[in-house]
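So you can see what is in the structure, the chains are spelled out below.
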Amino acid sequence: MILVTGANGNLGSATLAALRARGVAATGASRTPGEGMRRLDFDDPAGLDLADVSTLVLISAGYGEDDQVVGRHTAVLDAALRDGVRHVVYTSLTGAGDHLGFALAHRATERLIQASGLPWTILRNGLYAELFGGLLMWADDGVGSASVESAFGDGALAAVAREDLADAAAIVAAHPARHSGRVHDLVGTPITAGQVADRLGVPHRALTLGEYRRRLLDETSGLLPFQPSMLASIATGIRHGFLDGTAPDLADLLGRPARDPLATAVAVASATRPVASV
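None of the values given here were measured: they were computed from a predicted structure.

What counts, and where the lines are drawn
Residues numbered from 1 in each chain as written. Predicted model: local features only at pLDDT ≥ 70, side-chain atom pairs only at ≥ 80, totals over all residues. Heavy atoms only, no water. Pairing = 2+ DSSP bridges. Helix = DSSP H or I, 4+ residues; strand = E, 2+ residues; numbered from the N terminus. Axes fitted to C-alpha atoms, helices over the stretch in contact; angles between N-to-C directions. Contact = heavy atoms within 4.5 Å. Salt bridge = Lys/Arg side-chain N within 4 Å of Asp/Glu carboxyl O. Phe/Tyr/Trp six-rings, centres within 6.5 Å; stacked < 30°, edge-to-face > 60°. Buried < 20%, exposed > 50% of the residue type's maximum accessible area, 1.4 Å probe, protein only. Lys NZ or Arg CZ within 6 Å of the ring centre and 35° of its normal.

Chemist: Describe the sheet that holds strand β7 (residues 137-140), listing the residues and the values that go with them.
Modeler: Spatial ordering of the open sheet is given by β7-β8-β12, a layout of 3 strands whose pairing is mixed. Two strands close off the open sheet at either side, each with one partner strand: β7 and β12 (204-206). Neighbour-to-neighbour, the strand axes of this sheet turn through a mean angle of 40°, independent of strand direction.

Next comes the structure, spelled out in structure tokens:
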């Protein structure tokens, strides 16, 4: 059986749907499982049961501090080894992201997987086009004219539509032996905040990194303590050209061109556009 963790999340649910669309039997798992899913709580190691799982698609449990994330991944890998899982597919972070504030937990998990003795495939996912669009902020000049703000400057991100990453994970999970011991770097086409703004028909205003950080640290931002540094690292990485590199892995794995990340980012940004006052 193929088991997809984090199946209530965006990538996990899309991966599960992609497997089923291909006619591949798969089950989802979550700490808060929906209908037809199994409960799998990485924070409850004693309750982890993977006895009937052949291929485990381990969606990174990255929503936490590094020690918490690595602890969760360690627990599930220990259970996989104990219960006879035959292959682990892990959704990691693109190699271009080594300097990002959340890279350490991914690289530590990769080491754990490679040292576990389990057959493995690592999918080093690029940053989502949906994330890029969602990080753009709308501003109103007070006279009915809107603009898009970001700390990305003129930098570009080789963004990927989440659905493409889900398709890639499904392709690997359906035939894991073909990808055993391989690391796929799944990045997309470089896009800029200026291009998104142009598609939306508005100006782009570049924030300084200091101004952006102040916004992130504002107590009304609603962010958890570990999130401002993560988001600031994304902004400076894009701004200074560390995340715009391309690679053929994604299209090769999909067997088709990747979806247009610019269209995806524009759609996400457009959804939060303020309604003009009458």
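Chemist: I'd like to hear about the sheet that holds strand β10 (residues 182-186), residue by residue, with values.
Modeler: Taken in spatial order, the 7 strands of this open sheet run β3-β2-β1-β4-β5-β6-β10, and their pairing is parallel. Edge strands, defined here as strands with exactly one partner in the open sheet, are β3 (38-39) and β10. The strands touched by helix α1 (residues 10-21) are β1 (2-4), β2 (26-30), β4 (55-59), β5 (87-93) and β6 (120-125); relative to β2, the strand with the most contacts, the crossing angle is about 170°. Helix-sheet contacts for helix α5 (residues 162-174) involve β1, β4, β5, β6 and β10, and the interaxial angle to β6 is about 170°.

Chemist: Describe the pattern of salt bridges, naming the residues involved and giving the relevant values.
Modeler: Per the counting criterion, the structure on display carries 20 salt bridges. What you see here is one network of salt bridges that share partners, running through Arg-22, Glu-163, Asp-164, Asp-167, Arg-256 and Arg-259.

Chemist: Explain the environment of Pro-203 residue by residue, including any values.
Modeler: Along the chain, the position of Pro-203 falls in the loop between α6 (193-200) and β12. Along the primary structure Pro-203 and Pro-261 are separated by 58 residues, whereas in three dimensions their C-alpha atoms are 20 Å apart. Filtering out sequence-adjacent residues up to four positions away, Pro-203 remains in contact with Ala-146, Ser-147, Val-148 and Ala-197.

Chemist: Talk me through the packing of aromatic side chains; I want residue IDs and the actual numbers.
Modeler: Per the stated rule, a full pass over the model turns up 2 aromatic pairs. On the basis of an interplanar angle of 15° and a centroid distance of 4.9 Å, the ring pair of Phe-132 and Phe-152 is categorised as stacked. Of the two residues, Phe-132 sits in helix α4 (residues 129-135) while Phe-152 sits in the loop between β8 (146-150) and β9 (156-159), which places them 20 residues apart along the sequence. Overall, the relative accessible area of 1% leaves Phe-132 in the buried class. For Phe-152, a relative accessible area of 2% gives the class buried. Across the ring face of Tyr-128, the terminal group of Arg-162 is positioned such that the distance to the ring centre comes to 4.5 Å.

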